[in-house]
Amino acid sequence: MRSKSQNPINYKLILIGFFLVFLLFLVLRSTFSPSTPQQTQSSSLIHPSNSSEDQENTEDKPSIACPSVPLTQTCNKISPSLSNALVHYATSNVTPQQTIKEISVSLRVLEKKSPCNFLVFGLGHDSLMWTALNHGGRTVFLEEDKSWIEQIQSQLPNLESHHVVYDTRITQADELMEIGMSNEDCKKVTDPRFSKCQLALKGLPKEVLEIDWDLIMVDAPTGWHDGAPGRMSAIYTAGLIARNKENGETDVFVHDVDRVVEDQFSKAFLCEGYLVEQEGRIRHFNIPSHKARLGRPFCP
């Protein structure tokens, strides 16, 4: 009985010892294998050059900024706008007002044009996102509520925002539509400050009107109740700014087009002929400069 119990143990010890010896052999082989000459030879075949030149290049090569990162990777810091956005949305319970599909419409344009000049009517929970997506460019927000600007600036002081006063009401939408369609002054492309059209916003900051904007997002002012100013003037003025650009085209986006005002005014003053696409509640218009081509009709 005793001999039967010892044999399996001795057999296991032999196997374990053999396995350890085999591992030691592999370690020694990998340690002392001539891998360096092979790598040098292969690299010289791919990039033939004189050994003296290689030595000079090696000595002149600057030290790596991130020594912990492999040579095949690039060590770049994350942009401040992106890092702020990540922290903000990771620690907040609020999310952007637009859906992911709606955001993707303007994101595709930003991917092509950024860094660029991006004007946004409205300061909201998605403002930091737009700034991050336009990293390196200029993103400016126009907001109707002074107290909301102060609240957002206390949390996100790097956002550039301006207060805008609207003197319209949703209940005036039908009257303003008739004026905009019948008054020839509303078909003239000019600086909104000097426009004789009742729809033009004449109180916009000087620095806003003297910039050629590449993208404009209309997601304000408030437009969901009768006492709200509505987006009639914002939509018209966005189209006027786009047409008044020196050269090129401006991509204009209007959100909440499921509502009557946003639907009708975007079609009338941003023009169905300039409509690129609609996804959910957002419409994308691409409006060319009217300065670059005099005599271009207000709508195609």
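Preceding block: the structure.
It should be emphasised that the depicted structure is a prediction, and the values quoted were computed from it without experimental measurement.

A closer look at the layout of surface pockets
Approximately 400 Å³ is the volume found for the largest pocket. Q97, L123, D219, A220 and R231 are, among the 26 residues lining the largest pocket, the residues nearest its centre. Grouping the constituent residues of the lining of the largest pocket by class yields 9 nonpolar, 8 polar and 9 charged.

Some points on the pattern of salt bridges
Counting across every chain of the model gives 16 salt bridges. Of the charged contacts in the structure, one is a salt bridge between E160 and R138, with a shortest N-O distance of 2.7 Å. With E160 in strand β3 (residues 160-163) and R138 in strand β2 (residues 138-143), this residue pair connects regions lying 22 residues apart in the sequence. Relative accessible area serves as the criterion here: at 30%, R138 is assigned to the partly exposed category. A salt bridge links D214 to K245; its shortest N-O distance comes to 3.2 Å. Here K245 lies in the loop between α10 (232-243) and β5 (249-255) and D214 lies in the loop between α9 (206-209) and β4 (215-218), a separation of 31 residues in the sequence. Per residue, the accessibility class of D214 equals that of K245, and both read buried. Put simply, E102, D219, R231, D256, R259, E262 and R281 are held in one network by salt bridges that share partners.

About the thresholds
Residues numbered from 1 in each chain as written. Predicted model: local features only at pLDDT ≥ 70, side-chain atom pairs only at ≥ 80, totals over all residues. Heavy atoms only, no water. 1 Å grid on protein atoms, 1.4 Å probe; cavity = no way out; pocket = protein on both sides within 12 Å on 5 of 7 lines; lining within 4 Å. Points joined across faces, edges and corners; volume = space filled by probe spheres on them. Nonpolar A, V, L, I, M, F, W, Y, C, P; charged D, E, K, R; others polar. Salt bridge = Lys/Arg side-chain N within 4 Å of Asp/Glu carboxyl O. Helix = DSSP H or I, 4+ residues; strand = E, 2+ residues; numbered from the N terminus. Buried < 20%, exposed > 50% of the residue type's maximum accessible area, 1.4 Å probe, protein only.

Shape is all these values report; function is a separate question.
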